[in-house]
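# Commentary on secondary and tertiary structure
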2 protein chains.
Amino acid sequence: MALRTPLTTLLGIEHPILSAPMAGVAGGALAGAVSQAGGLGLIGGGYIDPDWIEREWAAAGNARVGIGFITWRLEAAPAALDAALAHRPAAVMLSFGDPAPYLERIRAAGAVAICQVQSVADARRAAEAGAGVIVAQGADAGGHGAGRGTFALVPAVVDAVGPLPVVAAGGVGDGRGLAAALAMGAAGVLVGSRFYASREAQASPQAKDRAAAASGDHTIQSSVYDRVRGFAWPAPFRLRTLRNRFTERWHGSEAALDDAIEAVRADYARAVAAGDTEEAAVVIGEAADLIRDVAPAGELVRRMVDEAETALRAGSGCIA
Amino acid sequence: MALRTPLTTLLGIEHPILSAPMAGVAGGALAGAVSQAGGLGLIGGGYIDPDWIEREWAAAGNARVGIGFITWRLEAAPAALDAALAHRPAAVMLSFGDPAPYLERIRAAGAVAICQVQSVADARRAAEAGAGVIVAQGADAGGHGAGRGTFALVPAVVDAVGPLPVVAAGGVGDGRGLAAALAMGAAGVLVGSRFYASREAQASPQAKDRAAAASGDHTIQSSVYDRVRGFAWPAPFRLRTLRNRFTERWHGSEAALDDAIEAVRADYARAVAAGDTEEAAVVIGEAADLIRDVAPAGELVRRMVDEAETALRAGSGCIA
């Protein structure tokens, strides 16, 4: 069984499932496993550590994968895009900033330019700049995002940029989300949190177990983890994580956090090393309720496709 | 054509579409038109003005409708529930507070008890208390809501309370949203914003036109309109409206608003009377992009069903 959409045709993949390029979490093993299962895996270019990125290209082996960058970080390290294109990626995804300066190079290298946006206005701008695929990311997402929810954003972006393929992101945790996205007119989904709790993800074992046990009732969008990590994210982007002792202590007390930042950073580094999920970030979104185990990424792709088919048949079965 | 789900069976309706009991906006004409078109219309019991409510029961005529209450307001005016039940409503919806004290009376009167929740935890509590239907409302909604997005909340609530019928709310602006909700395992949708811009809604003509022209990019959840209207909403509920000069001036300056409240109230009353949509609230949510006209509510129900069927067929058409 397979799910065919304009996205699978454009990318030459079997299933319309992309794994999110989660910074420091989505390495070559995860991206490769998703691609081998018929989706498209995206390496997380993140904060652009050239050595890490090269290692992860190697870890992806012969799998046909792509890479994603944080656009405002790419501005300070534009050579990273050339290095990525030298690997002949299937696609390059840009998010969180103006993609226009990079799209021509991506297309010229034969890669599909995927632009993630968080509003209808930004979707229109990315389409006009020449994006090949638009990811409409709602604030339900884990990791960085903005304010609009996924549910109404996706059909609005479909209307704004069609016939360009639109991918739904933010809150897609299982095949029901994929089915819903297709019913809304999207051509596929981009999935982060569910793959965070995959065997191949480079999150700590403790963080993965926590993700599998958590509810989406207990997440928060905040700047506190960006502050402690020293990442100067521009507005309106904030990081959605699980609520824990760290977010309870510092969210709403950002000035005090900044005042104590050196000491907090030392504690934070120790918590990360120890896999302490009450202090270190567990970077998942509101799909948390739908994550109930830590499984191989390829198996997650297969489950998602099976569930989506069941959901789509059940949905159309309502037509009397 | 019709859409059959456990919700249509339970409520004895043709299409799984409920119109939201928008306070001061969803009167008997709107509720009646939705019911006559095969959905179920809910009169907005809102802040409980007994004379207004009685008038709206009369305006619904012979149509079989229901009523919705703001639960924390009902606590101060419990006789309003008895008055409503005397009209033999098809359903009574409770939202924003603990529904448990009221459910037995609703059931005993032969009405379906619909409980709207904003989290998985509250869905479980409402189900345990005896709700007949759970509405999972995401923050994408216009009007009052909380924090979680619709997209991941709906399937999580389905898992938490099944086989109880779950209705998706928050961001459902057209039939694609209905189709997506059914694919997620919901048994129907509750729609507010789209019916706000209906001919029968008791919003001002200017507010309806503004809703039809607006984008969901330009809404905000805030307490400022509750402050000026003197409604002491408990946390975590805030009101989503369009951004306008009023929200730009006061959101983030709540203390200054409270200090100036008497003068602001006088200005606000004049703005409401004049239909000034830069000062008076336009209470719609992120589905705004999907609203492109002001139409009769019955026509909106029919469109939504047609669009949902098309969307469900297109979705299942992706299965190769």
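Attention here is on the structure that accompanies the text. (Residues numbered from 1 in each chain as written. Chains lettered and ligands numbered in written order. Predicted model: local features only at pLDDT ≥ 70, side-chain atom pairs only at ≥ 80, totals over all residues. Heavy atoms only, no water.)

## Looking at the sheet that holds strand β7 (residues 143–145) of chain A
Residues and elements named next belong to chain A.
- Read from one edge of the open sheet, three strands run β7-β11-β10, paired in antiparallel fashion. Pairing within the sheet leaves two strands with one partner each, and these edge strands are β7 and β10 (219–222). Ignoring which end each strand starts from, the neighbouring axes of this sheet average 30 degrees apart.
- Alignment of β7 against strand β11 (residues 238–242), held across three bridges, turns out to be antiparallel. Residue pairing across strands places H144 opposite L239, the latter belonging to β11. (Pairing = 2+ DSSP bridges. Helix = DSSP H or I, 4+ residues; strand = E, 2+ residues; numbered from the N terminus. Axes fitted to C-alpha atoms, helices over the stretch in contact; angles between N-to-C directions.)

## Side note on the pattern of salt bridges
- Counting across every chain of the model gives 40 salt bridges over all chains.
- Across the salt bridge formed by R105(A) and D82(A), the nearest N and O atoms sit 2.9 Å from each other. Of this pair, R105(A) sits in helix α6 (residues 100–108) while D82(A) sits in helix α5 (residues 79–85), placing them 23 residues apart in sequence.
- With a relative accessible area of 43%, D82(A) lands in the partly exposed category.
- Several salt bridges share partner residues, and in doing so they unite D159(A), D174(B), R176(B) and R292(B) into one network. (Salt bridge = Lys/Arg side-chain N within 4 Å of Asp/Glu carboxyl O. Buried < 20%, exposed > 50% of the residue type's maximum accessible area, 1.4 Å probe, protein only.)

## Regarding the packing of aromatic side chains
- Applying the stated criterion across every chain yields a total of 19 aromatic pairs over all chains.
- Ring centres 3.6 Å apart and planes at 5 degrees place the aromatic pair Y47(A) and F231(A) in the stacked group. You can see Y47(A) sitting in the loop between β2 (40–46) and α3 (50–59) and its partner F231(A) sitting in the loop between α12 (224–229) and β11, a full 184 residues away along the chain.
- On the basis of relative accessibility, which here comes to 18%, the residue Y47(A) falls in the buried class.
- Aromatic pair Y225(B) and Y268(B): ring centres 5.7 Å apart, planes at 50 degrees, arrangement tilted. Here Y225(B) is found in helix α12 (residues 224–229), whereas its partner Y268(B) is found in helix α15 (residues 261–274), with 43 residues between them in sequence.
- A residue is classified by how much of its surface remains accessible, and Y268(B), at 12% relative accessible area, is buried.
- Aromatic rings pair up to connect Y47(A), W72(A), F96(A), F231(A), W233(A) and F237(A) into one cluster. (Phe/Tyr/Trp six-rings, centres within 6.5 Å; stacked < 30°, edge-to-face > 60°.)

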